[in-house]
Amino acid sequence: MAPSRGPQRLARTLHTTLANHKGPVNVARYSKGNATYVLTGGQDRSVRLWNANLGTEIKAFTAHGYEVLSISVSHDNAKFASSGGDRSVFVWDVTTGMTTRRLAGHMGKIHVVEFNEDASVLASGSFDTTVRLWDLRAQSRSPIQALEEARDAVHTIHIGSTTIMTGSVDGHVRIYDLRKGELRSDYIGHPITAIVPTQDLQTVLVTTLDSHIRLIDLTSGKLLNDFTGHKNTSYRIRGCFEHGEASVVCGDEDGKVWAWDLVDAGLLQPNPPPKVHEKVITWTEHHPSDPNEMITASADGTCKVWRQPK
Amino acid sequence: MTSRLKRKLADIGIDPSSAKANENFCLIGTPLPPLEKSKDTGEFVPLWKQEVRDEKGRRRLHGAFTGGFSAGYFNTVGSKEGWAPSTFVSSRNDRAKQKASRPEDFMDEEDLQELKDSRTIVDTTEEMDLTGGTKAELQRQGDTEDKDTLTSALEAAMLPPAKDSAGARILKKMGWRIGQGIGPRVTIRQRRLQDAQATGQNISADALDLGIDDEEAQKHTYAPRDTAVLLVERKDNFHGLGYRPGMSLNESLGVKGSNASTGLNISAGFGLGALNDADEDDLEVYDTSSSIRNRTAYDIADRDDNDRIAIGSKSNRGTGGSIRSTPSATFRDGTMVLDGFVLSDKPVAEDRWFPLPEIPQGWAPDPRRVWGQTQNDKENLKTDTAVVPHEKWKSGMSADERGTILGETPLPSAPKSVFDYMSQKDRERLKNITANLASGKAGATTPTPPTPSAPSIQIPRTDPHIASAALRGFQPFTNDPVKQGRYTAYLQSQAEPDNTSYSTSLKPLPNQSTIDFNKEMVEYFQSAQIFKPMSVAMAGRFTTAAVVEHGPQMHAGLHTPKEEEQEAKRQEEEKKREEDKLSPKEHAAKMGMYGPMTREVKPWQPARLLCKRFGVKDPNPMPEMSEDGPPSGSANASQADDTNTDVYGQASEAPGVFEAPAPTTSSSGAGKRDLANIGLGEDDTQGRDTLTYERPPVDVFKAIFASDDEDSDEEEAPEPPEPPEPTTVVAPGSSSASKTQAVPSKSEF
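Basis of the calculations
- Residues numbered from 1 in each chain as written.
- Chains lettered and ligands numbered in written order.
- Predicted model: local features only at pLDDT ≥ 70, side-chain atom pairs only at ≥ 80, totals over all residues.
- Heavy atoms only, no water.
- Helix = DSSP H or I, 4+ residues; strand = E, 2+ residues; numbered from the N terminus.
- Buried < 20%, exposed > 50% of the residue type's maximum accessible area, 1.4 Å probe, protein only.
- Contact = heavy atoms within 4.5 Å.
- Areas by Shrake-Rupley, 256 points an atom, 1.4 Å probe, with all protein chains shown as cover.
- Patch = residues over 30% accessible without salt bridge, like charges linked within 9 Å, V, L, I, M, F, W, Y side chains within 5 Å.
- Salt bridge = Lys/Arg side-chain N within 4 Å of Asp/Glu carboxyl O.
- Lys, Arg positive; Asp, Glu negative; His and termini not counted.
- Charge placed at Lys NZ, Arg CZ, Asp CG, Glu CD.
- Buried area = accessible area lost by both parts, 1.4 Å probe.
- Polar contact = N/O pair within 3.5 Å; in protein donor to acceptor, adjacent residues only side chain to side chain.
- Pairing = 2+ DSSP bridges.
- Axes fitted to C-alpha atoms, helices over the stretch in contact; angles between N-to-C directions.
- Parallel < 35°, antiparallel > 145°, perpendicular 65-115°, else oblique.
- Nonpolar A, V, L, I, M, F, W, Y, C, P; charged D, E, K, R; others polar.
- Core = buried A, V, L, I, M, F, W, Y, C linked by side-chain atoms within 4.5 Å.

Asker: Explain the overall build of chain B to me, please; I cannot follow it from the model alone.
Answerer: Across its full length, chain B carries 31 helices and three strands. The buried share of chain B, reckoned over its 749 residues, is 23%. In chain B, once contacts between residues fewer than 6 apart in sequence are set aside, the share between residues at least 24 apart is 60%. Here chain B has roughly 55,400 Å² of accessible surface; of this, 56% comes from carbon and sulfur atoms.

Asker: So what exactly am I meant to see when it comes to the overall build of chain A here?
Answerer: Helix and strand counts for chain A stand at zero helices and 27 strands. Taking all 310 residues of chain A together, 63% fall into the buried category. When contacts within chain A are restricted to residue pairs at least 6 apart in sequence, those whose partners lie at least 24 apart make up 43%. Accessible area of chain A: about 11,200 Å², with a carbon and sulfur share of 49%.

Asker: Teacher, can you tell me more about a negative patch on the surface here?
Answerer: Taken together, the side chains of Asp 108, Asp 111, Glu 114 and Asp 117 of chain B define an acidic patch exposed on the protein surface. Assignment of secondary structure puts Asp 108 of chain B in the loop between α3 (70-75) and α4 (109-126).

Asker: Explain the interface of chain A and chain B here, please?
Answerer: Accessible area lost upon the coming together of the parts serves often as the stated size of an interface. Each side of the interface is counted separately: chain A has 45 residues, and chain B has 41 residues. In total, about 3,700 Å² of surface goes out of reach between chain A and chain B, with carbon and sulfur atoms giving 55% of it. Counting the surface chain A buries against chain B, the share from its top three residues, Leu 178, Arg 179 and Tyr 187 of chain A, is 22%. Taken together, the links from chain A to chain B amount to two salt bridges. The closest approach of N and O atoms between Arg 599 of chain B and Asp 186 of chain A, which form a salt bridge, is 2.8 Å. If you look at where chain A meets chain B, you find 12 residue pairs in polar contact (both at pLDDT 80 or more). Broken down by element, the side of chain A that touches chain B gets its largest block of residues, six residues, from strand β17 (residues 182-187) of chain A.

Asker: Got a minute to help me understand the sheet that holds strand β19 (residues 203-208) of chain A in this structure?
Answerer: All names here are of chain A. With respect to topology, four strands assemble into an open sheet ordered β18-β19-β20-β21, the strand pairing being antiparallel. Both edges of this open sheet fall to β18 (192-197) and β21 (223-228), since each of them pairs with a single strand only. Each strand of the sheet is rotated relative to its neighbour by a mean of 20°, with strand direction disregarded.

Asker: When you look at the sheet that holds strand β22 (residues 240-241) of chain A in this model, what are you seeing that I'm missing?
Answerer: The strands that make up a sheet are held in pairs by hydrogen bonds between backbone atoms, and each pair lies either parallel or antiparallel. Residue and element names in this part refer to chain A. As summarised here, the arrangement of the three strands in space is β22-β23-β24, forming an open sheet in which the pairing is antiparallel. The sheet is open, and its two edges are formed by β22 and β24 (257-261), each paired on a single side. Both β22 and strand β23 (residues 247-251) contribute to a ladder of two bridges, which runs antiparallel. Opposite Phe 241, over in β23, you have Val 248 as the bridge partner.

Asker: Before we go on, may I ask you to explain the pairing of strand β7 (residues 79-84) of chain A in this structure?
Answerer: Taken residue by residue, a regular strand's side chains alternate between the two faces of the sheet. Residues and elements named next belong to chain A. With five of six residues buried, β7 is to be regarded as a mostly interior element. Inspection of the sheet shows strand β6 (residues 68-73) paired to β7 by five bridges, in the antiparallel sense. Bridge pairing in β7 links Ile 71 to Ser 82. Hairpin connection of β6 to β7: five residues between the antiparallel strands, including Asn 77 at a positive phi of 60°. Taken together, the four bridges between β7 and strand β8 (residues 88-93) define a ladder with antiparallel strand orientation. Residue pairing in the sheet places Ala 81 in a bridge with Val 91 of β8. The loop that links β7 with its antiparallel partner β8 comprises three residues; one of these, Arg 87, has a positive phi angle of about 60°.

Asker: It is not clear to me how the packing of helix α19 (residues 481-495) of chain B against helix α21 (residues 514-531) of chain B should be interpreted in this structure. Could you clarify?
Answerer: Two quantities define a packed helix pair, namely the angle between the helix axes and the distance between the axes. All names here are of chain B. The geometry of α19 relative to α21 is characterised by a closest axis approach of 10 Å and an angle of 70° between their N-to-C directions. By the angle between their axes, α19 is roughly perpendicular relative to α21. The residues of α21 that touch α19, namely those facing Lys 483, Arg 486, Tyr 487, Tyr 490 and Leu 491, are Phe 517, Glu 520, Met 521, Glu 523, Tyr 524, Phe 525, Ser 527 and Ala 528. Residues of the contact of α19 with α21, tallied by class, amount to eight nonpolar, one polar and four charged.

Asker: Help me understand the side chain of Ser 298 of chain A, please; the structure alone is not making it clear to me.
Answerer: Position of Ser 298 of chain A relative to the elements: it lies in strand β26 (residues 293-298). At 3.4 Å, the side chain of Ser 298 of chain A forms a polar contact with the backbone oxygen of Lys 279 of chain A.

Asker: How should I be thinking about the nonpolar core in this particular structure?
Answerer: Soluble globular proteins: nonpolar side chains tend toward being buried together. Of all hydrophobic cores here, the largest spans 25 residues; its most connected members are Val 38, Leu 39, Phe 61, Ile 71 and Phe 80 of chain A. Among the elements that take part in this core, strand β2 (residues 25-30) of chain A stands out by supplying four residues, more than any other. Apart from residues lying up to four places away in sequence, Val 38 of chain A is in contact with Leu 18, Ala 28, Arg 29, Tyr 30, Arg 48, Leu 49, Trp 50, Ala 52 and Ile 295 of chain A. In this structure, Ala 123, Ile 164 and Tyr 176 of chain A together with Leu 610 of chain B belong to the second largest nonpolar core, which totals 21 residues.

Any functional reading would require information beyond the geometric quantities listed.
Have a look at this one:
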């Protein structure tokens, strides 16, 4: 990855708008590899595949009976998983547009799904406070393991190479270390809606419902930085690192995209940021390789692709 | 030849020792049944041919192979095919003909027989023929009279065998016929009188006589008229008395007299009972011309016998009994009397009132006089009451009095007074003593009632010094200020008996009875005894508590928590909960002191399959593996991991780089290996592991790689892995990494 060269200017020029969803867009994910495609899942029970460059919808995946809350794309882009209100994880084949598996077992709506690195294991975190780890290689219908430590709904999961990180509404970030066989739980104190670790897995960005984004040191659990200024009290808003991890980007409930410097936690210009969405921005994701592109999804039914002006 | 076969042959009659029998060991075919009858008839019948029959010879037990569906036929249903589904017959046109199935339809002959047996008794009583008598009689008649078939058929059709009781049969034998009344035969005059009464006409004796001109008719006696059976209507509705359906409000209130009178005939259920004699006066007064009356036989004036049995044919029934009604009767306040009710002449009960005795002028009640009187004739009273005690209680004549009047000898066990056993002298002496006592008392004090009928106020005495001590001592009624005040007043009145101001203030409460007041006073007296302070010597040893303990006030009835109490409790609970909630961890999080305070580290066991999927060695492998396995001992591994946390941190700084746990204790006494040198030229231990590598036993690999529910795992089959580097650096995303990572390296000791 590109080394950090200080905060760059945020991509704030609207490139295209992906606006075929009927209701709020809950999640927008880049595909893996070149990340030329975007998958969005919305309240209208569909998952849509877009060409982010052209802004055209390629495909709509409709099998969900309830809203789609989370999407995870496998490493080879061959399949993706989605989950939502219908209490089972759907694993899709991208080319055929059919579900290859439906993993049922959760008792509540599933807020988050994540593949592991080689898409052999799928983790799903649910309103029923459990995280279930599904084996995608074997055909068994029961999960490999259920992580039941959380006391409240699990809203976010990150799977590293040897760790599984979960963030729950009970205010804990839990790091399941497979190698050590231990569970480290860091108490943040506020409902956690998103965790995004840095690529070196040393720090993690924790978005909580008290309008704070905290950068936590994973080795010690200490607070490294605290990013405030935006408004986030009742919706799950996923913030992210900008390319190079020099700055932190997050939307807020007023439809503004905020950016902070990672080191001194100062707000980047413009301050305050302009309002770019009609409603709450539910998801921001930076392009994994292109430093000039990021996407935002919003409850106003659109997903917008932002680029640096040429 | 087996013994069994031998025995069988012997049974059959073949000599087992004969040459014929011994000729062949094989017995081909089934032996013929014996000529004489043996016990087991089915002995030589093959099992599949044997049949089970019941005592009546019917075949039972239709096996599934032999009987099948026909079992139903043979045992219960009537066709060989068993229950054949009946063809559909539309019942649209003959719905009325649909017959409800009786229980008998579902009974077999045994059940029917049972039913019949249980019915026989009923049948003999029920099926009685008044005209013909029982079946036996009919039989006899048939025998004697020799009716032709047509006649008997007609008879049977026209006179169906009636069912009548034995009593009716007896009556018939005595000459009674259907339609006649019961009783001795009467003359034509009497009979006319009956008729007249029955029709309700008033016929004078002359009229009766006038009709009797037929000489011939007077020569005979006639059977009396049938007595109408009183049919009391059953009241099976919820209307009020006297109401009939369709009555208007006015009618029901009895406003219209004329309308009310029409209700007479209907409300026939009330009035005179069957055993009540209706006197003529009543009839003439109240009978209206419109009313239809059925006079009955026992209205005859010149009849004195009381035979009231009425047996009527069915046609006579339903005409209603004799009803006397009072259509014009009204209560004194003008409301109509209900139909069927009679206004009584006499009032129900008369209260007797006596005028008060005249009180002479200037009379004032003086109970003392009465008491004095009772005291004076106390002895008389005593003796009297001793002999006849209940004379006092009971007004009127007592049993003893009655006994004396009747001349009975008095009961020997009559209770006697003690005085009866005393001599006259003693009695007089006693009298004197009591008289002296009474007179002395009367002289000394005002005469007080010895046994006051009404409870008087009694205030128990407390010694003044005790009272004054109790005043200073513990106050027991602090919970109840009113009571405490009264207690204090009592003590003060006792402490200073001369001061009347206290004693006058001690009065029963307005709503307090004297008994309660007395009880209260006794209570005060007792508490004064109990709570008087200790003597000075004792008191010096103790100090009085500065704070008076107010015990919890007891409330009668159900406990209903008050609003403010609940509020306070809730707040308290909330506070407590908040305190509980604020564990050190939360407190630290609140303060923003994230770090060791907010971190919890717990052991966690990932599933083996999960470890395998993630390409990670099981952190806490099964104990049997650790015995001969390479440094995968759980304690060892965890220890190494603990000490190497920072090492991992350093190593994983390069993004996406991943390495296997490094056994730190491998190099003999060389201390920690420099991670920066690993795999490089400066690493002098490089390759040592490779050279000294010994292949671990196969079961270790099995334990690691072989998965029970693995089906797509050919690539991970146990194969001798290449000797690993102490640490293996693998590019991220390579799925084959798991192979090499998981291979444990052999330690040297």
